[in-house]
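# Residue-level structural notes
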Amino acid sequence: MTTDRTTDGATDRTTRAGGAAGAGDVEVRPVAGHIGAEIRGVDLAAGLDAAQVAAVRAAVLRWKVVFFRDQRLDHAGHVAFARLFGEPVVLPRRGRASPAGFPEVETTADRLELGGRFGMEHDEWLARRRHTLLRGWHCDHGARVDPPAATILRAETVPPYGGDTTWANLAAAYAGLSAPMRAFVDTLRAEHRLGVGYQPRPGDDAYVRHLLDHQTATVHPLVRVHPETGERVLFVNGYYVEQITGLSRPESAAVLELLLEQATRPEYTVRFRWEPGSVAFWDNRATIHLAPGDNAHLGHPRTMHRVMLAGDVPAGVDGAPSEPLTGSEPGRW
């Protein structure tokens with residue numbers, strides 16, 4: 001396998017060693033300065049040979065999220081593609097739009113997910129859950145002791161406009177901090193907890209009871225060392241992080257806001273315009289993402305299918321692993 005780069009760095013090309021149907025070069029085209037690349041020259045439904053798998057894996061590690069367009073994956077093909085890169089997670093509970101017979105696939109269909117549940121319609125749930133600009137940024141299942149290593153999301157139906165997803169590169173965000181700040185955050189740990197920041201309804205709140213019944217919390221290093229690249233990653237998000245341990249609440253709130261603003265600076269992000277057949281494959285250990293908030297009022301359906309790959313227990317700069325508080329243990333979902 002050989003790799004060529006154009007003089008302006010605009011295109012990475014990995015020459016295939018041959019094998020799978022749809023032969024041709026795997027072409028990796030970066031789409032933003034720090035994160036995101038589009039991969040061309042592969043038919044995911046036809047299967048990938050070893051050289052193609054290696055090229056895609058390298059692109060995910062380098063660019064954190066990669067995009068494929070015009071793919072013809074069904075549920076079986078989606079799971080088969082995921083298995084080339086790890087072990088798919090089987091969730092004990094999935095959204096009710098998820099397909100029977102494919103326990104690895106979770107379908108998210110916007111208003112079908114929460115409309116009418118817990119006594120709230122979808123818009124009210126979003127308003128109570130995402131009431132600050134930074135609150136919606138998250139990695140998948142970050143309150144677990146072993147968050148997924150990666151997520152592969154496939155678009156079936158998308159609105160004609162709106163509905164984009166945005167990702168941020170947490171390794172670049174860490175590297176962009178000043179040296180004194182990096183040295184400070186290297187030593188810190190933070191509690192990640194399901195339901196952080198949710199604003200309860202007055203009186204009895206069925207969603208609060210749901211959170212209490214399914215509570216998940218872990219103390220993670222604020223900076224984790226990526227198990228494959230060795231990069232230091234600013235392991236912070238607005239959806240799960242409760243408090244930096246050892247700091248007072250006012251200190252913790254100020255530091256977390258600073259770090260979240262750092263992580264989501266525009267230069268560390270990429271935004272993707274979905275089309276039917278689009279696939280995004282991202283490193284859940286090195287990114288956070290923001291689901292769209294601009295399409296709920298449009299009345300157009302947005303149906304997406306997700307497969308996640310099992311991950312490991314994060315370790316900090318000092319080598320100390322994350323510590324589960326409640327609700328999860330490594331390898332058990």
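Our structure is the block above this text.
Now for a quick tour of the structure. These figures come from a predicted structure and were not determined experimentally. Each chain carries its own residue numbering, running from 1 in the written order of its sequence. Per-residue local features of the predicted model are confined to residues with pLDDT of at least 70, and side-chain atom pairs are confined, for both listing and counting, to 80 or more; whole-chain, interface and lining totals are unaffected and use all residues. By convention in this description, side-chain values take in all heavy atoms of the structure and omit both hydrogens and water.

Only DSSP runs of H or I with at least four residues qualify as helices, and only runs of E with at least two residues qualify as strands; both kinds are numbered from the N terminus onward. Helix and strand content of the protein: eight helices and 18 strands. Atoms counted for the radius of gyration: C-alpha only. Globule rule: 2.2 Å times the number of residues to the power 0.38. The C-alpha atoms of the protein give a radius of gyration of 20 Å, which matches the 20 Å a tight globule of 333 residues would have. Dimensions along the principal axes, computed over C-alpha positions, put the protein at roughly 60 × 50 × 35 Å. Relative accessibility decides the category of a residue: with a 1.4 Å probe and only protein chains considered, values under 20% of the type maximum give buried, values over 50% give exposed, and everything between is partly exposed. Put simply, the protein has 333 residues, and 52% of those count as buried. Put simply, 76% of the contacts in the protein that link residues at least 6 apart link residues at least 24 apart. Shrake-Rupley sampling with a 1.4 Å probe provides the accessible areas, and residues are treated as covered by the protein chains on show and by no other component. Per element, the accessible surface of the protein, about 14300 Å² overall, is 53% carbon and sulfur. Positive charges come from Lys and Arg alone, negative charges from Asp and Glu alone, with His and the N- and C-terminal ends not counted. Charge positions are represented by NZ for Lys, CZ for Arg, CG for Asp and CD for Glu. Side chains of the protein give 37 positive and 41 negative charges; the mean places of these two sets differ by 1 Å. Contacts: residue pairs with any heavy atoms within 4.5 Å of one another.

Before going further, it helps to spend a moment on the nonpolar core. By convention a nonpolar core is built from buried Ala, Val, Leu, Ile, Met, Phe, Trp, Tyr and Cys residues, the set being connected through side-chain atoms within 4.5 Å. Counting 30 residues, the largest nonpolar core has Val-185, Leu-222, Leu-234, Val-236, Ile-244, Leu-259 and Ile-288 as the members making the most contacts within it. Breaking this core down by element, the ones donating at least two residues are helix H5 (170–175), strand S12 (232–234), strand S13 (241–244) and helix H8 (249–263). What Val-236 contacts, discounting residues up to four positions off in sequence, is Leu-170, Leu-222, Val-241, Leu-256, Leu-259, Leu-260, Ala-263 and Ile-288.

What follows is about the sheet that holds strand S9 (residues 189–193). Across the sheet, four strands lie side by side as S13-S9-S10-S18; this open sheet has antiparallel pairing. Because the sheet does not close on itself, it has two edges, and the strands there are S13 and strand S18 (323–326). Strand-to-strand twist across the sheet, computed as the mean angle between neighbouring axes with direction ignored, equals 25 degrees. Pairing between two strands is assigned when DSSP locates at least 2 bridges connecting them. Pairing analysis gives three bridges linking S9 to S13, with the strands arranged antiparallel. Within S13, the position partnered with Glu-191 by the bridge is Gln-243. Orientation is described by axes fitted as lines to C-alpha atoms, over the contacting stretch for helices, and by angles from 0 to 180 degrees between their N-to-C directions.

Turning our attention to H8. Here a helix's expected span is defined as the number of its residues, less one, multiplied by 1.5 Å. For H8, which comprises 15 residues, the first-to-last C-alpha distance of 21 Å matches the rise-based estimate of 21 Å (1.5 Å per residue) to within 8%. All of the buried residues in H8 are Ser-252, Val-255, Leu-256, Leu-259, Leu-260, Gln-262 and Ala-263. Buried residues in H8, looked at end-on, bunch into an arc of 155 degrees, giving them a common side. Next to the buried residues of H8 lie strand S8 (165–169), H5, helix H6 (179–185), S12, S13 and strand S16 (287–290). Working note: the arc is built from the helix axis to C-beta atom directions.

Glancing now at the sheet that holds S16. Spatially, three strands are ordered S14-S8-S16 in an open sheet, and the strand pairing comes out antiparallel. The open sheet has two edge strands with one neighbour each: strand S14 (269–272) and S16. Neighbour to neighbour, the strand axes of the sheet diverge by 20 degrees on average, direction disregarded. Here S8 pairs with S14 via four bridges, running antiparallel. Directly across from Thr-166, in S14, lies its bridge partner Arg-271.

Between 30 and 60 degrees the pair is tilted, below 30 it is stacked and above 60 it is edge-to-face, where a pair is any two Phe, Tyr or Trp rings, Trp via its six-membered ring, whose centres lie within 6.5 Å. Counted under the stated rule, the structure contains 12 aromatic pairs. Considering the side-chain rings of Phe-272 and Trp-274, the 5.0 Å spacing of their centres and the 80 degrees angle between planes classify their relative orientation as edge-to-face. A residue is classified by how much of its surface remains accessible, and Trp-274, at 1% relative accessible area, is buried. Of the aromatic side chains, those joined through ring pairs into one cluster are Phe-67, Trp-167, Phe-272, Trp-274 and Trp-282. Cation placement over rings: the criterion is NZ of Lys or CZ of Arg within 6 Å of the ring centroid and within 35° of the ring normal. Above the ring of Trp-63, the side-chain terminus of Arg-62 is found at 3.8 Å from the ring centroid. The aromatic ring of Trp-333 is capped on one face by Arg-144, whose charged end is 3.9 Å from the ring centroid.

A separate point is the pattern of salt bridges. Within this document, salt bridges are pairs made up of a side-chain nitrogen of Lys or Arg and a carboxyl oxygen of Asp or Glu, the two lying within 4 Å of each other. Scanning the model with the defined rule gives 25 salt bridges in all. The salt bridge partner of Asp-186 is Arg-232, with a shortest N-O separation of 2.7 Å. Residue Asp-186 is located in the loop between H6 and S9, and its partner Arg-232 is located in strand S12; the two are separated by 46 residues in the primary sequence. The class for Asp-186 is buried, based on a relative accessible area of 17%. Accessibility expressed as a relative area gives 34% for Arg-232, which makes it partly exposed. Between Glu-228 and Arg-285 there is a salt bridge, with the nearest N and O atoms lying 2.9 Å from each other.

Let's shift gears to helix H2 (residues 75–83). The set of residues buried in H2 consists of His-75, Gly-77, His-78, Val-79, Phe-81 and Ala-82. Lining the buried residues of H2 we find strand S5 (65–68), strand S7 (150–157), strand S15 (279–283) and strand S17 (303–309). Its side-chain oxygen 3.3 Å from the backbone nitrogen of Ala-76, Asp-74 forms the N-cap of H2. The term polar contact refers here to a pair of N or O atoms within 3.5 Å; inside protein, the definition further demands a hydrogen-donor-capable atom paired with an acceptor-capable atom, and it admits residues adjacent in sequence only when both atoms are side-chain atoms.

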